[in-house]
Amino acid sequence: MASSYSEFKGQPRLPKFASPKRYDIRLKPDLVACIFDGVVAIDVDVVSPTKYLVLNAADLSVDSSSVFFKLKSTSLEIRASGVGLIEADEILVVEFGQELPVGIGILNISFQGTLNDQMKGFYRSVYEINGEKKNMATTQFEPADARRCFPCWDEPAAKATFKITLDVPSDLVALSNMPVIEEKKEGDIKTVYFQESPIMSTYLVAVVVGLFDFVESHTSDGIKVRCYCQVGKTEQGKFALEVAVKTLELYEKYFDVPYALPKLDMIAIPDFAAGAMENYGLVTYRESALLYDEKNSAAAYKQRVAIVVAHELAHQWFGNLVTMEWWTHLWLNEGFATWVSYLAADALFPEWKIWTQFLDQTTDGLRLDGLSESHPIEVEINHASEIDEIFDAISYRKGASLIRMLQSYLGADPFQRALACYIKKYACSNAKTEDLWAVLEEVSGEPVKELMNSWTQQKGYPVISVSVRDEKLELEQAHFLLSGSPSDSQWIVPITLCCGSYDNHHSFLLKEKSGSLDIVGSSWIKFNVDQTGFYRVKYDNILEAKLRDAIERGQLSATDRFGVLDDTFALCTSGQQSLTSLLTLVASFREETDYTVLSNLINISYKVMRIVADATPELVDGLKKFFISLFEHPAGKLGWEPKPGESHLDALLRGELLTVLAELGHEGTLNEAIRRFEAFCADRNSPLLPPDTRKATYTAVMQKVTASNRSGYEALLKVYRECDLSQEKGRIIGSLASCPDPEVVLEVLNFLLSSEVRSQDAIFGLSVSSQGRETAWKWLQDKWDYISKTWGSGYLITRFISAIVSPFSSIEKAKEVEEFFASRMKPTIARTLKQSLERVQINARWVQAIQKDNQLATLVQNLSQRN
Ligand code: BES
Ligand code: ZN
């Protein structure tokens, strides 16, 4: 080999002197030996004369003697004089003895790879058929793993067409992005030829080979939609299929552009790292995100399936047809798909009040973006290994929330019109964030670019402090940080407010650091009406008291009650308000009935209980009593069994209320749960344990388990081993570590690493009881080498760190964690680790603030006695 190709090393992007136009790929997977052979012929457009072609490849063994370039004009074949794989950069440098002329030629490469167990690239998943374990082959290429399946220009902007051919065992089903055009059988092997795709990015290419059944339907304009499931489980695919057909029709109208491919397949894959993947025309899912079982699935899963399907189908336009130019603009994909999925769910299931539930997204976005270790939505990416970590609450949840904020500022109709223009303008091409703003600005006539740049190009968001002074409302914005440290960032904030009634509504853009308004009256004033803005509001004491009063009188909408509560909680976490004032506010939610608001109250109660246990353990019992009294009432009304014709939201609420009561150690709930669980163990068809109550029941069972009384744990493991519904397994795993006995927690954590738990599911078992926290941290250190080896190549590894590290609340612990990871740092965990450590510091400060709060003890005493 001539040189070390140093000029190509360490570059974030491939050089631009050649680009692919068409791939002709042939793959032959061997499902027994778990290897594959491949040949690719790539039509390459050489735009400036070059002796090199530089493309991506990783974990492939390339047969150097097979590599040649055939000029289209003269049919001259030029053999490669050198082929070098640069591992660190995952690139393949092909060198030629002569310069390739400008124009089109075909690059031919033969190669081999392994069907790996890492849930990325071309990988193996395991399923059971008639009690026998079998391998299937499937792909997951986003963000940058197509290069593990075939050599390619593996960047979203390098769009090309794909002609795929598969050689597979003749009894199996072979799927890809496009429909099959021909199948040729030869003995045990069949060759399946797929139609050539329209131009698309490499990360959207997909192939699946295995044994499956399907259910099928059509959209009104004749697109064939199928849902593939494990053999014998097609019944469970029907709900997703129906959602898919309706959603496709809805998006065709909303984007005013037809679905671009002749078919859409969706398929459940038993081993799957993400929740689902929007491969063009062949969307892959975790089983639990696609399959819905009328008898065993909780309402929460039904909703999850609908949202996930709607999300992935949104990508068929936003992402697949119009693709981000580079990963910096990932949020365009994910933020939009997240936002649009709610739009679809709302159209299909108005009774779900999904836009109120959307606030869960916003609050998660605000939570992560409240860290100084957050990042701007538009984030620089210098290496493929950095991409995984930005599939986070910033890209998804802040992204979706900003879109909602902008839509509510511009109005739904102009917004939709502009989106349709954008999709048409950039169809079959790539776009950047600024391209979207330009179209929105043109269609709406509003200063979208200036407004939105302040939200996407800097991290964080503002808190608006509001106070009454001299008969005026004074407003001031400041960067909101949970750690309290100041910065001088500023935003253009779409301010909305209501005074005394929802008819008395005002809105304006706050462009400066501060402003004032002539609106003062005696009634309540609520800012950020409907919580469509991505910011927090801090009221002065007088305004705050009026809002509390309005909540008690039932004068605020559910979204606004949610907002007041959530902002107060965040301000309290950051030390800008006391726990006393948070709990006083919480007490005004005694009559609360809205699902989303109660669900947020429940989450807040978990966090408050944890921090108080660290700060002032003597107050824990009183606080438990208070929370129990708050949740007992709505839980009592809902009971354990579904009422005929009850709402979806009641079903969701029942599960969450019973779970929190179990965790709070409410005896009535614990005993009832155990009674019902025993009936369920005796008869899996017992009506005593409806799906919505199972998570609560399993949690209750684990509350009573100790190292010397393990029967409940054993019984749960038995259910785990006997069920074959992925959702049920997930539910059980998710409740095991809530056990208060650290010895049992350790056993549970080791169970997660056993062969009985699919590596995709282990992360669900990491919500450890506070008593087990220290054990979990020791375990993480002990097992780090193994964990890092097993999950280290994907983004699931970050969950181990965030779940186990973030709940700590002392500076010493932060130091200990930092020291441990100092020698174990990798780019894939760097961001998560910093964020988790920052959370520990925030908790530590919060603990100190609580210890200094001298009104707290009296308040907790009072609250715990009121009933
Ligand atoms: N494009 C993602 C899948 C993905 C995630 C690929 C991370 C690579 C890394 C897909 O569209 C997605 O966002 N899936 C979500 C589900 C969705 C409903 C939020 C997921 O996997 O959780
Ligand atoms: Zn997505």
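Located above this text is the structure these notes cover.
Rules and cut-offs
- Residues numbered from 1 in each chain as written.
- Chains lettered and ligands numbered in written order.
- Predicted model: local features only at pLDDT ≥ 70, side-chain atom pairs only at ≥ 80, totals over all residues.
- Heavy atoms only, no water.
- Helix = DSSP H or I, 4+ residues; strand = E, 2+ residues; numbered from the N terminus.
- Rg over C-alpha atoms; globule rule 2.2 N^0.38 Å.
- Buried < 20%, exposed > 50% of the residue type's maximum accessible area, 1.4 Å probe, protein only.
- Contact = heavy atoms within 4.5 Å.
- Areas by Shrake-Rupley, 256 points an atom, 1.4 Å probe, with all protein chains shown as cover.
- Lys, Arg positive; Asp, Glu negative; His and termini not counted.
- Charge placed at Lys NZ, Arg CZ, Asp CG, Glu CD.
- Donors = N, O, S within 2.8 Å, 3.2 Å for Na, K, Ca; no water.
- Phe/Tyr/Trp six-rings, centres within 6.5 Å; stacked < 30°, edge-to-face > 60°.
- Lys NZ or Arg CZ within 6 Å of the ring centre and 35° of its normal.
- Near = heavy atom within 4 Å.
- Polar contact = N/O pair within 3.5 Å; in protein donor to acceptor, adjacent residues only side chain to side chain.
- Nonpolar A, V, L, I, M, F, W, Y, C, P; charged D, E, K, R; others polar.
- Domains from an automatic or database assignment.
- Pairing = 2+ DSSP bridges.

Enquirer: Honestly, the overall build of the protein in this entry has me stumped. Any pointers?
Expert: On a plain count of helices and strands, the protein comes out with 25 helices and 29 strands. The globule rule puts the C-alpha radius of gyration for 867 residues at 29 Å, and the 28 Å found for the protein is close to it. Along the first, second and third principal axes, the C-alpha atoms of the protein reach 90 × 65 × 60 Å. Residue burial in the protein is summarised as follows: out of 867 residues, 61% are buried. Considering only residue pairs separated by 6 or more positions, the protein has 71% of its internal contacts joining residues 24 or more positions apart. Accessible surface computed for the protein: about 32400 Å², of which carbon and sulfur atoms make up 48%. In the protein, 90 side chains carry a positive charge and 115 a negative one; their mean positions are 2 Å apart.

Enquirer: Help me out: how do you make sense of the coordination of the zinc ion (ligand 2) in this one?
Expert: Any two of four tetrahedral donors ideally make an angle of 109.5 degrees at the metal, while pairs among six octahedral donors ideally make 90 or 180 degrees. Those protein atoms acting as donors to the zinc ion (ligand 2) are His311 (NE2), His315 (NE2) and Glu334 (OE), and they sit at 1.9 to 2.1 Å. Within one chain, the residues donating to the zinc ion (ligand 2) are spaced in sequence as H-x3-H-x18-E. Highlighted residues: His311 and His315, both in helix 2 (residues 299-315), separated by 4 residues, approximately one helical turn. Assessed through its relative accessible area of 9%, His311 is described here as buried.

Enquirer: Whenever I open this one, the packing of aromatic side chains confuses me. Can you help?
Expert: For any pair of aromatic rings, the description consists of the separation of the ring centres together with the inter-plane angle of the planes. Within the structure shown, the criterion is met by 49 aromatic pairs. With centroids separated by 6.4 Å and ring planes inclined at 15°, the aromatic side chains of Tyr127 and Phe212 adopt a geometry described as stacked. You can see Tyr127 sitting in strand 9 (residues 121-129) and its partner Phe212 sitting in the loop between strand 15 (207-210) and strand 16 (213-218), a full 85 residues away along the chain. The residues Tyr127 and Phe212 share a single accessibility class, namely buried. Aromatic side chains Tyr422 and Tyr426 sit 5.5 Å apart centroid to centroid with 50° between the ring planes, which places their arrangement in the tilted category. With Tyr422 and Tyr426 both in helix 7 (residues 412-426) and 4 residues apart, the pair spans about one turn of that helix. For Tyr422, a relative accessible area of 1% puts it in the buried group. One residue, Arg226, lies across the ring of Phe214, its end atom 3.8 Å from the ring centre. The ring of Phe808 has Lys813 sitting right over it, with the charged end atom 5.2 Å from the ring centre.

Enquirer: Could you clarify how one ought to interpret the site of ligand 1 in this entry?
Expert: For ligand 1, the set of nearby residues contains 15 residues, the closest of which are Glu142, Gly275, Glu278, Glu312 and Tyr396. One nitrogen or oxygen atom from the main chain of Ala276 is found 3.3 Å from a nitrogen atom belonging to ligand 1. Interatomic distance of 3.0 Å between a side-chain N/O atom of His311 and an oxygen atom of ligand 1. In isolation ligand 1 offers 510 Å² of accessible surface; the protein chains occlude 88% of this area. Looking at the shell around ligand 1, the elements that each hand over two or more residues are strand 19 (276-277) and helix 2. Ranked by residue count, the leading element in the shell around ligand 1 is helix 2, at 4 residues. Tallied by class, residues from the shell around ligand 1 come to 7 nonpolar, 4 polar and 4 charged. Here the shell around ligand 1 gathers at least three residues from each of two domains, domain 2 (212-317) and domain 3 (331-339 + 352-456).

Enquirer: I keep staring at helix 19 (residues 726-736) and nothing clicks. Help me out?
Expert: Given 3.6 residues per helical turn, the α-helix brings residues three or four places apart onto the same face. Taken across its 11 residues, helix 19 has 9 buried, putting it largely inside the fold. Looking only at helix 19, the buried set comprises Ser726, Gln727, Glu728, Gly730, Arg731, Ile732, Ile733, Ser735 and Leu736. Among the structural elements, helix 2, helix 17 (694-703), helix 18 (711-722) and helix 20 (742-752) are those in contact with the buried residues of helix 19.

Enquirer: In this structure, what is going on with the pairing of strand 15? I would like to understand it.
Expert: Within a regular strand, side chains alternate between the sheet's two faces. Because side chains alternate across strand 15, one face comprises the buried residues Val207 and Val209, and the other comprises Val208 and Gly210, equally buried. Of the strand pairs in this sheet, strand 10 (residues 132-140) and strand 15 are connected by 2 bridges, and their pairing is antiparallel. The residue of strand 15 that forms the bridge with Ala137 is Val209.

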